[in-house]
Amino acid sequence: MATVPSYTPSIWVRVCHALPRLDLTMQMRDNIFTPDSWEYQQTLLVLSSLSAIALILSLLVVLSFLIHYCCCHRSDSGNASDEEEEDDDASGGHGYSGRKGRGICCVTWVSVAAVTLCCVAIGVGFYGNSEANDGMYQLTSSLLTANYTLASIDLLVSDMVSGLQQSVSGPLTSMEDLFTGSKPALVSTRSCRRLSERVVSLLSSLTLGRALVPTDGGAGNGSDAIIGALTPAPPAITPTLTPAAASPPGPFSPGWAANTLMVNEDYRWLSYVLLLLLDLVVCLFILLGLAKQARWLLILMTVLAWLALFLSWGSLGLETATVVALSDFCSDPNTFVLNSTNFNTGTSTDILDYYLTCSRSSSSPFQQLLTQSQRALSSIHSHLSTLERDALPRFPKAEKSLREVQQILNSTEGNFHQLVALLNCRGLNKDYIDSLKGLCYDGMEGLLYLSLYSFLSALAFTAILCSLPGAWRSFAGDSEDYEDSDSESEDPFTSHQARRQTAMGSQRGALPPFYSYQGAGWTPPFSSAPPLPTPNASSNGNPGYESLPLIDRQSPPPSYSPSMLTGYGGSQSNPNPAHSRNLYSR
C-alpha cells in the first residue's frame, strides 16, 4: 500500500525560522521552540516590540503634521490674504483661490490614495483571515479524527476485556463445576480460563487510547465513559465532542486540544472580522465626507482612525510573535512532540516516534503484544473445539455454557482484527500530517497575510491622519457661503456655487443695468453695434415709431396703469394723455 506523504516545511516557515533572536538583554538566543522557557518568551517580546516602535514613529509623524497645520498656517494667513485676492480675480469665479485650490486638491488626493491603500489592505485581511480559519479547521478536524480513532481503540479494548472477564466469571466457572468428573475436559476448561486471563492482562496494557475527554465531566469509567465521547458517525465524519474542563488531563488529549482550539479560533475570527469592518466603515465614510465636504463627519472619522491605527499596530505585534513561534514549531514539530512532557505523559517515546514517523522500516511497538494475544485466542478456540467434540456428548448440560463462551470468543476475535487495523500507524500518522499541513501551510499563510494587512492599514491610517486635518480645515463654512447674501431677497433654490459667484461679483463693482429707458436716442452700454436711427417726430410731438420697420424698433417699456401714465405725462411739456395711452397700448 502507498505510504503517507511526509511533511516538508514551507519556504515561509524556513524564512521566519531563520530570523535572529534577541532577548531583553540584546543577547543572541537559539530558535528552538520551547514556549515554556523564559528566554524564548523574551525573544518573542523583542520581536513584538518592533510594532510598538513603529507606532511611536507614526505618532511622531502625525504630530508633526498637526503642528504644521496649527502653527504654520496660522502665521501665514495674514501674508497670504493679498495674494488670495489677486488669485480670486484670476480664478474666474470658481469659489477657491488658485493657491488654495491647489492645496485642497493635493490634500484631497492624498486622502483618497490613503483610503485606497486601506481598502487594498482590508481585502488582504479578509483573505488572510479566511486562510487562517481554513487552516485551523483542518487542524481541529484532524485532531478530532485522531481522537475518534483513539476512542475506537479504547472502546474495542474495553469490549474485549469485559467480554473475556464475563466468560471467565460466568460460563467457564460453570463448565469447571460440570467437568469435575472428567479430567481432560477440566484441564481444557482451566486452560481456557488461564488464556482468557492472559489476554485480558495483555490488552489492559494498551494505554494508547486512554487519554480521552469524557462527556460527563469525568464521572463514570470503563466503556460507558468512552461510548459517551463518541458519536455514531464514521471516522470520515468529524465527531462532536462536548467541551472539556478548563485544565487538560494528564496525558495529551486530541479531543481537549480540538475543543480549545475551536473556541479560541471562533473568537479570533470574529475579532478580525470586526476590525476589518471597522476599517472599511472608516474608509467609506472618509470618502463620503470628502465628497460632501462634511467637516463634522471627517472629524468623527479622524477619531475612529486613531483607534484603528492603534489596533493595527497592536495586531501586527501579536501576529509577528505568533508567526515566528509557529515557524519555530513547524520547522521541526516531531522534536517538540517527543520532548514535551504534556504529550509523552503516559505514553512511551517509542510509541510516539512510531506514529509520528510511520516509516516502513520501523516495527510496531505493539507487535509482540498483539502476537501473544492472537496466539492465546487461537489456543482458546482450539480448546473449545476439543470440548465440543469430546466432552459435550458426555455432559449435555454444558452445551449452553460452551455456546456462550464460543459467542464471546467470536466477538472478541472480530474486535481484535479491528484493533490490529486501528493500531497501524498509517491512520494516525495521516491525521498528524493533515494537522501539520493545516497549521503550517494554510495557518502560516493566513497569518502572513494578516500581518501584511496590519502593516498596510497602519501606514494608510497614518497618512489619513496626516491629511484629514488639512482637508476639513480647507472646507468653507456656512458663514462664508452666505455672508454677502440677503436671505429675504435671494432665491432659496440657488446653489452654493452660484451664491459664491454672486458674492464675488458684487465685490468687483456693480455693472449698470442693461435695460434703462432714457429716451428714444438711448443705446445699450458696451455695444459695438451702430446706434439706432432717431425716429422723426410726428405732428403732435411724439416719436414716429410707425415709420420704422419692426426689426429696427426698440423694445417697448413695461405697461403702466393710467394713474402712472398721468403722473409721468404731468412732468413733461405739452402732455397728451390720450395719444400716450394709444402709443403704449400697442
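1. Here's the deal with empty space enclosed by the protein
As enumerated under the stated definition, the model contains three cavities of 30 Å³ or more in all. In this model, the second largest cavity occupies a volume close to 40 Å³. Lining of the second largest cavity is provided by Leu164, Ser167, Leu172, Ser196, Ile380, Val405, Ile408 and Leu409. For the lining of the second largest cavity, the secondary-structure elements that each account for two or more residues are helix H4 (98-169) and helix H14 (399-422). Broken down by element, the residue count for the lining of the second largest cavity peaks at three residues, all from H14. When its residues are assigned to classes, the lining of the second largest cavity shows six nonpolar, two polar and no charged.

2. Some details on the environment of Glu265
Summarising the element assignment, Glu265 is placed in helix H8 (residues 254-292). Residue Glu265 is classed as buried on the basis of its relative accessible area, which comes to 8%. Along the chain, Glu265 and Thr140 lie 125 residues apart, while their C-alpha atoms are 10.0 Å from each other. If we ignore the near neighbours within four places in the chain, the residues touching Glu265 are Ala132, Asn133 and Met136.

3. With respect to the packing of aromatic side chains
Each aromatic ring pair is summarised here by two numbers: the centre-to-centre distance and the angle between the ring planes. On inspection of all chains with the given rule, the structure shows nine aromatic pairs. Between Phe179 and Phe395, the ring centres sit 5.2 Å apart and the planes meet at 65 degrees, which makes this aromatic pair edge-to-face. Remark: Phe395 occurs in the loop between helix H13 (367-391) and H14 and Phe179 occurs in the loop between helix H5 (171-178) and helix H6 (183-204); sequence separation between them is 216 residues. When sorted by exposure, Phe179 lands in the same class as Phe395, which is buried. Centroid distance Trp313 to Phe455: 6.3 Å. Interplanar angle 80 degrees. Geometry classified as edge-to-face. One end of the pair, Trp313, is in helix H9 (residues 295-331); the other, Phe455, is in helix H15 (residues 425-474), and 142 residues separate them in sequence.

4. Some remarks on the nonpolar core
The biggest cluster of nonpolar side chains holds 45 residues, and the ones touching the most others in it are Phe179 and Leu419. Among the secondary structure elements, those contributing two or more residues to this core are H4, H5, H6, helix H12 (349-357), H13, H14 and H15. With nine residues, H4 is the largest single contributor of residues to this core. When sequence neighbours within four positions are dropped, the list of residues in contact with Leu419 reads Ile153, Leu156, Val157, Met160, Leu203 and Leu206.

Each value, and the rule that gives it
- Throughout, a residue's number is its position along its own chain's written sequence, starting from 1.
- Per-residue local features of the predicted model are confined to residues with pLDDT of at least 70, and side-chain atom pairs are confined, for both listing and counting, to 80 or more; whole-chain, interface and lining totals are unaffected and use all residues.
- With hydrogens and water excluded, all non-hydrogen atoms of the structure serve as input to the side-chain values.
- The distinction between a cavity and a pocket rests on a 1 Å grid over the protein atoms alone: a 1.4 Å probe fits inside a cavity but cannot get out, while a pocket stays open yet meets protein on both sides within 12 Å along at least five of seven lines, and a residue with an atom within 4 Å of a point counts as lining.
- Grid points are joined across faces, edges and corners, and a volume is the space filled by probe spheres set on the points.
- Put simply, DSSP marks the helices as runs of H or I at least four residues long and the strands as runs of E at least two long, and each gets a number from the N terminus on.
- Amino acids outside the nonpolar list (Ala, Val, Leu, Ile, Met, Phe, Trp, Tyr, Cys, Pro) and the charged list (Asp, Glu, Lys, Arg) are all regarded as polar, and Gly is one of them.
- The classification of residues rests on relative accessible area computed with a 1.4 Å probe and restricted to protein chains. Under 20% of the type maximum is buried, over 50% is exposed, and intermediate values are partly exposed.
- Pairs of residues are marked as contacts when any of their non-hydrogen atoms sit within 4.5 Å.
- Pairs were defined over the aromatic rings of Phe, Tyr and Trp, the Trp ring being its six-membered one, requiring ring centres within 6.5 Å. Orientation was assigned from the angle between planes: stacked under 30 degrees, edge-to-face over 60, tilted for the rest.
- What is meant by a nonpolar core is a set of buried Ala, Val, Leu, Ile, Met, Phe, Trp, Tyr and Cys residues, joined one to another through side-chain atoms within 4.5 Å.

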